[in-house]
Amino acid sequence: MTLSQDIEQLKQQVRAARVIPVLVLDDVSRARPLAEALVAGGLNVLEVTLRTPNALAVMAEMARVEGAIVGSGTVRHATHMRQSEDAGCQFMVSPGAPAYLLEDAQSVSIPLLPGVGSPTEAMAAARAGYSFLKFFPAEALGGVKVLKAFMSPLSDLEFCPTGGISPENMGAYLSLSNVVCVGGSWVAPADLVQKGDFGAIEKLARAARQGG
Ligand code: 3PG
């Protein structure tokens, strides 16, 4: 099956950025300065999780920042998908890949990066047309070793590992030929966001952009 959304464009964008910050933010007033700091540090593809009451407003604010490519994370049903589109998101990420979600994603214009944790899930997603997948939760599932083991039997699939990625292990993931980018929350720690220390966040972003 072929998807109508432009997943190749998203893949190019995240390959260039290498790291997708995974953001959990409720305070809308912090959205713009946070996105600006991350973009200034070289990380322009941002995943805003739908885990806070104001997540959609946060996305909408971040989507207005020049150079930012904003996606929604923790997408779990069709309503999330429509809300993500309306908020100006350019892509969506889900923690899992149930058949209903893969099907629902066909009715929105922006691409979905579905989460998988096993060969069976990856094969089901591939059959539904998805060849670029989030591997989640990466470290807990065996990390680099598992992705290496996927390479030969699932040679047509590429991954964005997320969950437990850090400056220490990101290089090992990014050196794998089936890894396009990694995702992680470490570039925007809650305490720095709360303090409004966006200079420190820009530094973390720059370090991540340069490899850890
Ligand atoms: C998440 O969905 O929370 C992401 O996988 C981020 O995980 P991390 O906090 O381990 O980077």
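Preceding this paragraph is the structure being described.
Each residue is numbered by its place in its chain's sequence as written, counting from 1. For a predicted model such as this one, the threshold for reporting local features is a pLDDT of at least 70, and the threshold for listing and counting side-chain atom pairs is 80 or more; totals across whole chains, interfaces and linings nevertheless cover every residue. Note that water and hydrogens are dropped before the side-chain values are worked out from all heavy atoms of the structure.

Our focus in this paragraph is the site of the ligand. Close to the ligand lie V22, R51, F136, T162, G163, G164, G184 and S185. Here G163 contributes a backbone N or O atom positioned 3.4 Å from an oxygen atom of the ligand. A distance of 2.5 Å separates an oxygen atom of the ligand from a polar side-chain atom of S185. The protein chains shown are the only cover counted for residues, whose accessible areas, like all others here, come from Shrake-Rupley with a 1.4 Å probe. Within the complex, the protein chains bury 77% of what would otherwise be the 310 Å² of accessible surface of the ligand. The way it works is a 1 Å grid over only the protein atoms, where trapped points that fit a 1.4 Å probe form a cavity and open points with protein on both sides within 12 Å along at least five of seven lines form a pocket, and then any residue with an atom within 4 Å of a point lines it. Occupancy of a cavity or pocket is assigned to a molecule whenever over half of its atoms lie within 2 Å of that pocket's grid points. Here the ligand is seated within the second largest pocket. We define proximity as follows: a residue is near a molecule or strand when any one of its heavy atoms falls within 4 Å of that partner. As used in this structure description, the phrase polar contact means that two N or O atoms lie within 3.5 Å; if the pair is within protein, one of them must be able to donate a hydrogen and the other to accept it, and residues adjacent in sequence are counted only when both atoms belong to side chains.

Where helices and strands are cited, they refer to DSSP runs of H or I of at least four residues and of E of at least two residues respectively, numbered from the N terminus. Among the structural elements, V48 can be located in strand β2 (residues 45-49). Per-residue accessibility, obtained with a 1.4 Å probe over protein chains only, is compared with the maximum for each type, and a residue is labelled buried under 20%, exposed over 50%, and partly exposed between these values. With relative accessibility at 0%, the residue V48 sits in the buried group. A C-alpha to C-alpha distance of 18 Å links V48 and L204, two positions 156 residues apart in sequence. For V48, the residues in contact, after removing those within four places along its chain, are L23, A55, V58, M59, M62, V70, G71, S72 and G73. Residues count as neighbours in contact if any of their non-hydrogen atoms are within 4.5 Å of one another.

Residues G143, V144, L147 and F150 constitute the buried set of helix α7 (residues 143-151). In an axial view of α7, the angular spread of the buried residues amounts to 120 degrees, which keeps them on one side of the axis. Pointing more than 90 degrees away from the buried face of α7 are the exposed residues K145 and K148. Looking at the buried positions of α7, the neighbouring elements they touch are α6 (119-127), β7 (132-135), β8 (158-161) and α8 (170-174). In this description, the arc belongs to the directions extending from the helix axis to the C-beta atoms.

Moving on: the layout of surface pockets. Grid points are joined across faces, edges and corners, and a volume is the space filled by probe spheres set on the points. Within this model, the largest pocket holds a volume of roughly 180 Å³. Secondary structure elements with two or more residues in the lining of the largest pocket: β1 (19-23) and α9 (190-195). Among the elements that take part in the lining of the largest pocket, α9 stands out by supplying three residues, more than any other. Note on residue classes: Ala, Val, Leu, Ile, Met, Phe, Trp, Tyr, Cys and Pro are nonpolar, Asp, Glu, Lys and Arg are charged, and everything else, Gly too, is polar. Partitioning the lining of the largest pocket into residue classes produces nine nonpolar, two polar and two charged. Roughly 150 Å³ of volume is contained in the second largest pocket. Forming the walls of the second largest pocket are 13 residues, and the residues nearest its centre are V22, T162, G163, G184 and S185. By residue class, the composition of the lining of the second largest pocket is four nonpolar, six polar and three charged.

Moving on, we come to the packing of aromatic side chains. Pairs were defined over the aromatic rings of Phe, Tyr and Trp, the Trp ring being its six-membered one, requiring ring centres within 6.5 Å. Orientation was assigned from the angle between planes: stacked under 30 degrees, edge-to-face over 60, tilted for the rest. Taken as a whole and judged by the stated rule, the model has two aromatic pairs. A centroid spacing of 5.7 Å and a plane angle of 75 degrees characterise the contact between F135 and F150, whose relative ring orientation is edge-to-face. Of this pair, F135 sits in strand β7 while F150 sits in helix α7, placing them 15 residues apart in sequence. F150 carries the same exposure label as F135, and that label is buried. Here a set of aromatic residues connected by ring pairs shows up, and it is made of F135, F150 and F159. Geometry around F136 places K134 over its ring, the cationic atom sitting 4.5 Å from the centre. Note on criteria: charge over ring means Lys NZ or Arg CZ within 6 Å of the ring centre, with the direction from the centre no more than 35 degrees off the ring normal.

Treat this as a map of the structure, not an account of what it does.
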